[in-house]
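Examination of the molecular architecture
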Amino acid sequence: MFRGASAINLDTKGRIAIPKRYREPLRAEYHGQLVITVDFQSSCLLLYPLDEWNKIEAKLLLLSDTQASERAMKRLLLGYAHECELDGNGRLLLPLPLRQYANLDKHAMLVGQLNKFELWDEAAWQQQIEQSRETIRSEEFANNERLADFSL
């Protein structure tokens, strides 16, 4: 399970180094194989271990090719999907179209989301955090049944 936010940098070739604490689990459990795609709701990338991505593909296979929103989702997620493998130094090369989609330049944030990672431009991540805090304070959050019984 992946959790926590890590500040990382892109090198001049568009590679990111996965933080050391994730490298061994990714290699041991997933043979270092990942799929990177876009988040269709946010300007960030999603990095899935290949086994987790296979579950997403199984769900996408059930979606319609004739219903516009389902087809659009499939087009984005699959069209941008890129298989990659950790290199010997724990790095991943991010293809240019993916970097452009998420506006990634130099400073980024890799955020664990249990079964996947989100990869954000650092400034966009800070904006997202503030937006998330506002959502939590909102009435909409308080009226969500699944969150009503969630306490820490």
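Residues numbered from 1 in each chain as written. Predicted model: local features only at pLDDT ≥ 70, side-chain atom pairs only at ≥ 80, totals over all residues. Heavy atoms only, no water.

The name given to the protein chain in an unreviewed UniProt entry is Transcriptional regulator MraZ, and the organism recorded there is Shewanella psychropiezotolerans. Recorded under Subunit (unreviewed entry), the UniProt text for the protein chain is reproduced unchanged: "Forms oligomers." (UniProt positions renumbered as here; feature names shortened; annotations may be inferred.)

Looking now at the pattern of salt bridges. Across all of its chains, the model carries six salt bridges by this definition. Where E52 meets K55, a salt bridge forms, and the shortest distance between an N and an O atom there is 3.3 Å. Placement of the pair is E52 and K55 together in helix α2 (residues 50–61), with a separation of three residues, close to one helical turn. A relative accessible area of 14% places E52 in the buried class. Under the relative-accessibility criterion, K55 is labelled partly exposed at 48%. The shortest N-O distance in the salt bridge between D87 and R91 comes to 2.8 Å. When its relative accessible area of 23% is taken as the criterion, R91 is described as partly exposed. (Salt bridge = Lys/Arg side-chain N within 4 Å of Asp/Glu carboxyl O. Helix = DSSP H or I, 4+ residues; strand = E, 2+ residues; numbered from the N terminus. Buried < 20%, exposed > 50% of the residue type's maximum accessible area, 1.4 Å probe, protein only.)

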